[in-house]
Amino acid sequence: MAQFGPATLITDQVSASALKTADLDGDGDQDIVVPQGSALVWMENDGLGNFGQPDTILPQFSGPFDLSDLNDDDDPDLVVIVGIGHDLVWCTNLGGGQFGLPQLISTTTQWFGLGALLCDDLTGDGLPEVLITTDNFIRWFVNAGGNFTQTDSLDYGGPASPVLLAGDMDMDGDEDLITVNWNNFLRVGLNTDGTGSMGPSDIVLMNFEYLNAGMQLVDMDGDGDLDVVDAKNEVKWARNRFVEDGVWGGFDNIGLITLQGGGAPTYDVGWAGHLGCGSSASIIWQTYMWDGPVQWSNYDQGDGALTAPADLMDPFRVLHIDVADLNGDGAGDLILSERDTSLMWWYPNLLQQVSTITVSLAPFDTLCASGDPYPLDHATPQGGIWTGLDVAGNVFTASATGMFALTYTVSDPLGGCPGTAAQNIEVVGTPQITLISGVLGDDCAVSPLVYAADPGGGTWSGIADPDGVVDRSCAARPDSGPVLYSFNAANGVCAAEGDYFNLLACLFYSMGPDVQSCTTDDILTFTWTLPSVDVSGPFDSVVVVTPTSAAGYFDPAHGPGTYEFIGSAYSPGTCTIPDTLLVTVYICTGLGDPASASPALNIFPNPANGIVRITCPANAKLRLLDAAGRTVWEVAKARSETLFDVNGFDAGVYLLCAEVSGCTRHGRCIGKKGNRDAGDD
């Protein structure tokens, strides 16, 4: 493992469930104090992490203990519970690891139960008070240079809690008190004036379960205020929001992993504190039943959460986990005691003090909920683990649709520090098909419909073309079917079915060519078949000629203009496509300027089927225009009388223009005789 070096044996004679480290003999290194049976012993450190044989401090003790300099002589003294009566005593450190006889601080039989013991300076005079939890109270004995005659207490609701912590929770420079009562209420008593005058114990968090004394005060997230960390019952922590909120009282209960279940024995199997990798803290633990590896998580300030658990080692069933600088290099080393033997080991800390690892992630594909498991191989460097909903063995198997946050954690192979990165993965069920252009509702509409799908990039099929367009033109009819879309995800295909269409065949009807007529022409006649055809327009009259035919009549004498006639044919199971015929009526007389003195332009006969005689100004340019305005015949310099044969032209109305000196001065309509019926079925 990159985080810690190889194991060094501390002792083969004791495996402790409680452990304290301090410089007992004044040689500048950390010695170890542990229970051994009913005795309390210490093991001397030579400064390099080599320990001597256990040496007895007290042959009998019966409860928790702590080490602190009670008499201000720069040596850690011992505070401990001893005897059948559970007396609270202290032993002065005589130097060289030798301790004096126990001195009574107080009996404890007058109180119901005894939980935790702690030494901490509540009054701000530099001398630590002695604190214990009993019945419903935290009680402390004020230190007057090694004399403990004055007492005080703080009600927290009891019973004798194994959790007792002291630290500056509200950052006002004095020590506050923290415990958890039988209701699993995390309570804090604030030191109101810095002299040990405690305000009431406030409930700052509910449902913060405890089983034993595995909690610690650590600035877990590196924001400057102290958090409460439980590294044994459940790997969880109560985040103090004093810095974030700017006011006292806000806490969040943040869980990482459950270690013990109902009815589980209560042993310390975890530790929390600073190991390296920057200002954030770490948690080290072994899971319930002690059959898994020792695991580690470090708070990632960039991610704002604890990293995914990483395996440190799988050595044995662990009874106790602790950390202390045993080799004098300034870094906390890992201490493990075995549950099933009398062995204790330590592992040198190899972690970088500042993490330098950088994790990069490639984007995830959008997945189908019904698709195959999706391997998570999107991170660099490789070798880490992915965590999140539906993740197991670095494989994501979708169980629902939505957006899911996945986190990747990997250890630096050189410095051992973890690096993390997170990103979302999207899972879709049925793709969403949306009409983005066109209007539904008219089955016979011929305009195209355009669809889009989310997620995009898939395949259109069914009645839609590859671009998601439904062609409703007559050329595409008849046709029927749904709009189909398939999203081809990396883990499979998810499909959607959109609107269904039944595109009927188009039924066309022809009104014939448009008609040009003079106001003096005969009445136009339109005929059609009943009942399959209907014709509408500005008829003067409509007559049902026979049960299966009708006729409509229009007189050009209504005057010049364009008149619109619409015809439609009908048949079951088809879409009617109407046809429009335009009748353009002209005034077929001279069109020149009435004030002009120019010779007239005359045509005879008119209308005609053969030779037409034209009289016009000499040298005039003659042009014959059809109804569309196209020149169909012309003479550059006409004589005053010109003959013209109309047999080569279609029946209809034409305009003859005479141009003199570049200006059109005269015009007359010429009618070419032919069939006068404008439409027929």
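Worth saying up front: this structure is predicted, and the values here are computed from it rather than measured.

So, how was this worked out
- Residues numbered from 1 in each chain as written.
- Predicted model: local features only at pLDDT ≥ 70, side-chain atom pairs only at ≥ 80, totals over all residues.
- Heavy atoms only, no water.
- Helix = DSSP H or I, 4+ residues; strand = E, 2+ residues; numbered from the N terminus.
- Buried < 20%, exposed > 50% of the residue type's maximum accessible area, 1.4 Å probe, protein only.
- Contact = heavy atoms within 4.5 Å.
- Areas by Shrake-Rupley, 256 points an atom, 1.4 Å probe, with all protein chains shown as cover.
- Disulfide = S-S within 2.5 Å.
- Pairing = 2+ DSSP bridges.
- Axes fitted to C-alpha atoms, helices over the stretch in contact; angles between N-to-C directions.
- pLDDT = per-residue confidence, 0-100.
- Phe/Tyr/Trp six-rings, centres within 6.5 Å; stacked < 30°, edge-to-face > 60°.
- Polar contact = N/O pair within 3.5 Å; in protein donor to acceptor, adjacent residues only side chain to side chain.

1. Considering the overall build of the chain
Item 1. From N to C terminus, the chain includes one helix and 62 strands.
Item 2. Principal axes of the C-alpha set define a box for the chain whose edges measure 155 × 50 × 50 Å.
Item 3. Buried residues in the chain amount to 48% of all 681 residues.
Item 4. Here the contacts in the chain between residues at least 6 apart in sequence split such that 48% fall between residues at least 24 apart.
Item 5. Summed over its atoms, the accessible surface of the chain is roughly 30000 Å², and 51% of this surface lies on carbon and sulfur atoms.

2. A few points about the state of the cysteines
Item 1. For the structure on display, the rule yields four disulfides.
Item 2. Each disulfide pairs two cysteine sulfurs, and for Cys-277 the partner residue is Cys-417, the sulfurs being separated by 2.0 Å. On the sign convention where negative is left-handed, the bridge of Cys-277 and Cys-417, at about -95° about the S-S bond, is left-handed. Taken together, the residues span a long stretch of sequence, with Cys-277 in the loop between β24 (270–273) and β25 (282–286) and Cys-417 in the loop between β39 (402–411) and β40 (418–428) at a distance of 140 residues.
Item 3. With relative accessibility at 9%, the residue Cys-277 sits in the buried group.
Item 4. Cys-417 gets classed as buried once you look at its relative accessible area, which sits at 0%.
Item 5. Disulfide partner of Cys-444: Cys-575, at an S-S distance of 2.0 Å. The disulfide joining Cys-444 to Cys-575 has a torsion of about -80° about its S-S bond and is therefore left-handed. Of the two residues, Cys-444 is situated in the loop between β41 (432–437) and β42 (449–454) and Cys-575 in strand β54 (residues 574–577); the sequence distance between them amounts to 131 residues.

3. Remarks on the sheet that holds strand β6 (residues 65–68)
Item 1. Spatial ordering of the open sheet is given by β6-β7-β8-β11, a layout of four strands whose pairing is antiparallel. The open sheet is flanked by β6 and β11 (103–106), the only strands paired with a single partner. Neighbour-to-neighbour, the strand axes of the sheet open up by a mean angle of 30°, direction not taken into account.

4. Describing the confidence of the model for the chain
Item 1. This prediction gives the chain a mean pLDDT of 86; 92% of its residues lie at or above 70.
Item 2. Mean pLDDT per element in the chain: strand β62 (residues 663–672) is the minimum at 53, and strand β44 (residues 469–470) is the maximum at 98.
Item 3. In the model, residues 258–268 has pLDDT below 50 throughout and makes 37 contacts with residues more than four positions away in sequence or in other chains.
Item 4. Considering only residues more than four positions removed or in separate chains, one finds that residues 675–681, a stretch of pLDDT under 50, has 21 contacts.

5. Concerning the packing of aromatic side chains
Item 1. Per the counting criterion, the structure on display carries 17 aromatic pairs.
Item 2. On the basis of an interplanar angle of 80° and a centroid distance of 5.6 Å, the ring pair of Trp-237 and Tyr-299 is categorised as edge-to-face. Here the residue Trp-237 occupies a position in strand β22 (residues 234–240), and Tyr-299 occupies one in strand β26 (residues 294–300), the gap between them amounting to 62 residues. By the burial criterion, Trp-237 is buried, and Tyr-299 matches it.
Item 3. Each ring, one from Phe-526 and one from Phe-565, has its centre 4.7 Å from the other, and the planes form 25°; the classification is stacked. You can see Phe-526 sitting in strand β49 (residues 524–529) and its partner Phe-565 sitting in strand β53 (residues 561–569), a full 39 residues away along the chain.
Item 4. Under the relative-accessibility criterion, Phe-565 is labelled buried at 0%.
Item 5. Three or more aromatic residues joined by ring pairs make a cluster, and in this case those are Phe-526, Trp-528, Phe-539, Phe-554, Tyr-563 and Phe-565.

6. Brief notes about the pairing of strand β50 (residues 533–536)
Item 1. Only one face of β50 is buried: it carries Val-533 and Val-535, and the other face, with Asp-534 and Ser-536, is open.
Item 2. For β50 and β53, the ladder comprises four bridges, and the chain directions are antiparallel. Each bridged residue has a counterpart across the sheet, and for Ser-536 the counterpart in β53 is Ile-566.

7. Section: the environment of Val-354
Item 1. Residue position: Val-354 is located in the loop between β31 (344–347) and β32 (360–361).
Item 2. When its relative accessible area of 58% is taken as the criterion, Val-354 is described as exposed.
Item 3. Along the backbone, Val-354 and Cys-518 are 164 residues apart, and their C-alpha atoms lie at a distance of 100 Å.
Item 4. Not counting the four nearest positions on each side in its chain, Val-354 is found in contact with Cys-277 and Gly-278.

8. Observations regarding unusual backbone geometry
Item 1. Backbone torsion omega between Asp-454 and Pro-455 reads 0°, so that peptide bond is classified as cis.
Item 2. Relative to the assigned elements, Pro-455 resides in the loop between β42 and β43 (459–462).
Item 3. Residues Leu-530 and Pro-531 are joined by a peptide bond in cis, for which omega reads -5°.
Item 4. You can see Pro-531 is positioned in the loop between β49 and β50.
Item 5. A positive phi angle, close to 65°, is found at Asn-184, a residue other than glycine.
Item 6. Within the secondary structure layout, Asn-184 lies in the loop between β17 (176–180) and β18 (186–191).
Item 7. A residue is classified by how much of its surface remains accessible, and Asn-184, at 22% relative accessible area, is partly exposed.

9. Details of the sheet that holds strand β14 (residues 137–141)
Item 1. Spatially, β12-β13-β14-β15 is the arrangement adopted by the four strands of the open sheet, whose pairing is antiparallel. Here the strands that pair on one side only, and so sit at the sheet edges, are β12 (114–120) and β15 (151–155). Between one strand and the next, the sheet's axes are offset by a mean angle of 20°, whatever the strand orientation.
Item 2. The pairing of β12 with strand β13 (residues 129–134) spans five bridges and is classified as antiparallel. Counterpart to Leu-114 in the pairing with β13 is Thr-134.

10. Focus on the pairing of β22
Item 1. Among the seven residues in β22, five count as buried, and that is most of the element.
Item 2. Relative to β22, strand β21 (residues 227–230) runs antiparallel, the two sharing three bridges. Counterpart to Val-228 in the pairing with β22 is Ala-238.

11. Remarks on the side chain of Asn-45
Item 1. With respect to the element layout, Asn-45 can be found in the loop between β4 (39–43) and β5 (55–58).
Item 2. What makes Asn-45 buried here is its relative accessible area of 0%.
Item 3. In this structure the side chain of Asn-45 is engaged in a polar contact, spanning 3.1 Å, whose partner is the backbone nitrogen of Gly-49.
Item 4. The residues contacting Asn-45, other than those within four sequence positions of it, are Asp-27, Asp-29, Gln-30, Asp-31, Asn-50, Phe-51 and Leu-326.

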